[in-house]
Amino acid sequence: MSLSKLWGTARACCSVFHVTKAPFSSIASFQKRGKVLSVQIVRQFSKKPSRIDKSADTKNYTYYVMSLVIVAIGCTFAAIPAYRIFCEQTSFGGLTQVAKDFEKISNMKKCEDRLIRVQFNSDVPSSMRWEFKPQQHEIYVHPGETALAFYTARNPTDKPIIGISSYNLTPFQAAYYFNKIQCFCFEEQILNPGEQVDLPVFFYIDPDYVNDPALEYLDSILLSYTFFEAKSGLKLPDPFDPKNRPSIAPSPDKIPEATK
Amino acid sequence: MSQTGPFIRVTTVSAPLKGSFPLDHEGTCKLEMLNYMVCLHEKKQQNSECRHVAKDYFECRMNHGLMDKEEWQKLGYGDSKQISQ
C-alpha cells in the first residue's frame with residue numbers, strides 16, 4: 001500500500017464522518033455513511049499508482065529509513081557518555097564511592113545488629129625473606145565502628161630489606177564498604193637486619209553495609225596482605241593517581257617516539 | 001577474577017585516609033600493642049570491648065610522634081571525654 005493511498009483513505013474516512021453534523025444520527029444515516037465510506041475506499045484502492053506518485057513514495061521511504069538509521073547510530077554514540085553520567089549520578093558502578101572523610105567517621109553510628117567477622121591473611125612471595133604474619137586470625141566488628149588490627153614482620157637476614165605491601169579483600173561486594181583510615185600498604189617500609197615491627201591496620205566498615213541486599217547473609221570478610229620486596233630507588237607509579245587509571249586509549253608517553 | 005557487567009560494582013583501589021603508619025622501629029608502643037592483643041584474646045576477638053585499649057595505643061603513637069595527632073571524634077572515638085590536640 002503506498003503512502004498516497006493511505007493518505008487518501010484517511011482523508012476519505014474523515015470527510016465521510018464529518019459530513020453530517022446531526023447530534024444524534026439514526027440507523028439509516030449510519031448505513032448511508034457506511035456505504036459512502038466503502039465506495040470512497042474502493043475508489044482509492046482502485047487508483048493506479050502514477051509514476052510521479054511512485055518516485056515520491058520511494059523517496060519518502062528512503063528518507064524515513066535513513067533517518068531511523070542515523071538516529072540509531074547517534075544513540076549508540078551517545079550511550080557511552082550517557083551511561084557514565086548515569087553511573088556518576090546514581091553511584092551505580094561504584095564510581096562515587098563512599099565518601100572518605102573524617103566527617104563521615106565522626107558522624108557514623110554503630111550498627112548493633114550485624115557482626116562482621118574480618119579474617120586476616122598474610123602472604124609473601126617466595127623470594128621475599130621477611131617473616132610476615134597477622135597477630136590475630138580474625139576480629140568481630142560492627143559496621144560503623146573503627147577497628148584496629150596488627151600484623152608483625154621480622155627480618156631474619158643480615159641485610160636491610162625494603163618491602164612494599166599490597167592488600168586484597170574478598171568478597172568484592174563487601175570490599176566496597178571496607179574503608180581504611182591508616183595502614184601500612186603501598187609505601188616502602190625498610191626493616192633492618194634482625195628487626196621486628198608491628199604493623200597496624202586501622203579500618204572501619206561503612207554502616208551502609210547493612211542496607212545492601214546482596215550482603216544480607218554475608219558476615220565474613222577476608223583481608224589479605226602481601227609483602228613484596230622493593231628495589232631501592234625504584235619509583236613506582238602511584239596506584240591512587242587518577243591519571244594512572246588503566247585505559248585502552250593510547251597516551252602520549254606510551255607512543256614510541258619515531259624521531260630519535 | 002574480576003567480574004564485569006552492567007550491575008556489578010567496580011571496586012577501585014583507594015588510598016587509606018590518613019596514609020601509612022610510620023614504622024615503630026624502636027618498639028615504643030609495643031606494650032600497648034600487647035595489651036590490645038591480650039584484651040582481644042580475653043574478649044574473644046570482639047572489637048567493641050577492646051576499643052578503649054586501642055585508643056591507648058593511638059595515644060602512645062601520637063605522643064611519640066608516630067602518628068599525626070587527630071581529634072578522637074575523627075577517629076571514631078566520639079564518645080570519649082578526652083580530646084587530643
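Structure shown above.
Since the structure is predicted, the reported quantities are computational estimates derived from the model, not experimental observations. (Residues numbered from 1 in each chain as written. Chains lettered and ligands numbered in written order. Predicted model: local features only at pLDDT ≥ 70, side-chain atom pairs only at ≥ 80, totals over all residues. Heavy atoms only, no water.)

Asks: Just give me the short version of helix H1 (residues 30–42) of chain B, but keep the residues and values in it.
Replies: A rise of 1.5 Å per residue sets the reference length of H1(B), with its 13 residues, at 18 Å; its end C-alpha atoms lie 18 Å apart and thus fit the reference within 8%. Close packing links the buried residues of H1(B) with strand S3 (138–141), strand S4 (146–154) and strand S8 (196–205) of chain A together with helix H2 (51–63) of chain B. (Helix = DSSP H or I, 4+ residues; strand = E, 2+ residues; numbered from the N terminus. Expected span 1.5 Å × (residues − 1). Contact = heavy atoms within 4.5 Å.)

Asks: For the side chain of A:Glu138, give the residues involved together with the corresponding values.
Replies: Topologically, A:Glu138 is positioned in strand S3. Polar side-chain contacts of A:Glu138 include one of 3.2 Å to the side chain of A:Arg117. One polar contact links A:Glu138 to A:Tyr140, side chain to side chain, over a distance of 3.4 Å. Among all residues touching A:Glu138, those that are not within four sequence positions of it are A:Arg117, A:Val118, A:Gln119, A:Phe120 and B:Gln45. (Polar contact = N/O pair within 3.5 Å; in protein donor to acceptor, adjacent residues only side chain to side chain.)

Asks: Break down the sheet that holds S8(A) for me, with residues and values.
Replies: Two pairing modes exist for strands in a sheet, parallel and antiparallel, and in both the strands are linked by backbone hydrogen bonds. If you trace the 4 strands from one edge of the open sheet to the other, you get S2-S4-S8-S6 (chain A), paired in antiparallel fashion. A strand with exactly one partner marks an edge of an open sheet, and here the two such strands are strand S2 (131–134) and strand S6 (178–182) of chain A. The average undirected angle you get between the axes of adjacent strands in this sheet is 30°. Both S6(A) and S8(A) contribute to a ladder of 4 bridges, which runs antiparallel. If you follow A:Asn179 over to S8(A), its bridge partner there is A:Tyr204. Strands S4 and S8 of chain A of the sheet are contacted by H1(B), whose axis makes an angle of about 115° with S4(A). Each of S4 and S8 of chain A is contacted by H2(B), which is oriented at about 60° to S4(A), the strand it contacts most. (Pairing = 2+ DSSP bridges. Axes fitted to C-alpha atoms, helices over the stretch in contact; angles between N-to-C directions.)

Asks: How would you explain the interface of chain B and chain A if you had to name every residue and give the values?
Replies: Counting from both sides, the interface comprises 42 residues of chain B and, opposite them, 48 residues of chain A. For the pair chain B and chain A, the summed buried area comes to about 4400 Å², and 57% of that belongs to carbon and sulfur atoms. Taken together, the links from chain B to chain A amount to 1 salt bridge. Residues B:Lys30 and A:Asp198 are paired through a salt bridge, measuring 3.7 Å at the closest nitrogen-oxygen approach. Seen at the junction of chain B and chain A, the total is 14 residue pairs in polar contact (both at pLDDT 80 or more). Counting residues per element, the ones that place at least two in the side of chain B that touches chain A are H1 and H2 of chain B. Looking at the side of chain B that touches chain A residue by residue, the classes come out as 21 nonpolar, 12 polar and 9 charged. (Buried area = accessible area lost by both parts, 1.4 Å probe. Salt bridge = Lys/Arg side-chain N within 4 Å of Asp/Glu carboxyl O. Nonpolar A, V, L, I, M, F, W, Y, C, P; charged D, E, K, R; others polar.)

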